[in-house]
Structures are given as structure tokens and as C-alpha cells.
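Each chain, written out:
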Amino acid sequence: MGTSRKLWIGNIDKDVSQYQLLQLVKTCGVVKLFDFVYHTSGPLKGEPRGFCFIQFEKDAEANRALVKLNGLQLQKSCLKVDWARDNEQLEQSEQCVSSTVVLTAVERETQIKALERKLNSLAKSNDENVKRHPVLNRKVVLHPQDKRIKKKPYDR
């Protein structure tokens, strides 16, 4: 596993900057790649996700960082350091954890047709629930059990 020279560092405190972490990691060896991961969407967009990936020039440097940084307290939390896994390893581990169901072509086609029928029925029922509001003159979605537009006390 050590030949990858790439480490995953997790449990990074949200107040730790990219610069602070890079300076800490540089004490272990020459950093070839430093990927500090941020949220790209949602309410936390631009905030650190709490982990990063680091690749070193030499195996010995990566091993040194693994030993030195794992469990090290940095501000309010202790760092977790492990070897980074590539996509192939992730797929293998997911197959071990999850139960994979293998379908024949006929079973798969049957399931696809059943899903298509369900989607079509949902689309039709959704069209029935969309009506034009008489006052606002725009489409409104009605609750499935209430097919009529309820008037508010101030609508006369």
C-alpha cells in the first residue's frame, strides 16, 4: 500500500487553514500534491469539508507523515491519517460491504418496464393536480385529495 505515497487526512478542524496544514505536512517531507477539499455547493459552499489528500515524493516521507500526524491534536480535534484509496479500491470495498444483485437481461427489462409504467402514472396524476388559479391566472399544484381551489376568506 505504501507505494502510492498518497495519504488521506481527516477530522480536520474547520478553523484550520490550508496554509497551516500545509506547513505542518511539509515537516514530514517534500509534498508533491496537496488537495484541501471544500464544499462546492449548498449552504456550506466554500467551507472546508474536514479532509484533504496529500502525496509525497518518497514512500519514507509518506510513512513518516502517517506515523507523526495520525492522532495529532490540531486546534480542537485530533487528525486521522490513513492511506488514500483509489477508485478501484473503493469499488472493491463497496462490493464487499453491499450485497450486489445480478439480474438477467429479462429481469432487468421487466423492472425497467415496471418503472416506466409507474413514472407514466405519476406524470398523469401530477397533470391532474395542476390547475389554473382563477384569480392569479397561473398554474398551481393542488393537494391530491383536494381537487378544487380553496378560497381564502378575503377572496370574494
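Small disclaimer: the values here were computed from a predicted structure and weren't measured.

A. Focus on the overall build of the protein. Scanning the protein from terminus to terminus reveals four helices and eight strands. Across the protein, helices and strands are ordered from the amino to the carboxyl terminus as β-α-β-β-α-β-β-β-α-α-β-β. In the protein, once contacts between residues fewer than 6 apart in sequence are set aside, the share between residues at least 24 apart is 57%. Surface accessibility of the protein: about 12,100 Å² in total, with carbon and sulfur atoms responsible for 52%.

B. Looking closely at helix H1 (residues 18–26). Within the span of H1, buried status applies to Leu21, Leu24 and Val25. Around the axis of H1, the buried residues are gathered within 95° of arc, so they sit on the same side. Elements in contact with the buried residues of H1: strand E1 (6–10), strand E2 (31–38), strand E3 (48–56), helix H2 (59–69) and strand E4 (73–74).

C. Just the packing of aromatic side chains, in detail. Using the criterion set out here, one finds three aromatic pairs in the structure. Judged by centre distance (5.8 Å) and plane angle (85°), the rings of Phe51 and Phe53 are edge-to-face.

D. A look at the pattern of salt bridges. Tallied over the entire structure, the rule returns two salt bridges. A salt bridge links Arg5 to Asp59, with the nearest nitrogen and oxygen atoms 3.1 Å apart. You can see Arg5 sitting in the segment before E1 and its partner Asp59 sitting in helix H2, a full 54 residues away along the chain. Take Asp59: its relative accessible area is 27%, and that puts it in the partly exposed class. For Lys76, the salt bridge identified is with Asp15, shortest N-O distance 3.7 Å. With Lys76 in the loop between E4 and strand E5 (77–78) and Asp15 in the loop between E1 and H1, this pair connects stretches of sequence that are 61 residues apart.

E. Highlighting H2. When we look at burial in H2, the residues that qualify are Glu61, Ala62, Ala65, Leu66 and Leu69. The buried residues of H2 occupy an angular sector of 140° when projected down its axis, which confines them to one face. Downstream of H2 by one or two residues, Gly71 has phi in the positive range, about 90°.

Calculation notes
- Residues numbered from 1 in each chain as written.
- Predicted model: local features only at pLDDT ≥ 70, side-chain atom pairs only at ≥ 80, totals over all residues.
- Heavy atoms only, no water.
- Helix = DSSP H or I, 4+ residues; strand = E, 2+ residues; numbered from the N terminus.
- Contact = heavy atoms within 4.5 Å.
- Areas by Shrake-Rupley, 256 points an atom, 1.4 Å probe, with all protein chains shown as cover.
- Buried < 20%, exposed > 50% of the residue type's maximum accessible area, 1.4 Å probe, protein only.
- Arc of directions from axis to C-beta.
- Phe/Tyr/Trp six-rings, centres within 6.5 Å; stacked < 30°, edge-to-face > 60°.
- Salt bridge = Lys/Arg side-chain N within 4 Å of Asp/Glu carboxyl O.

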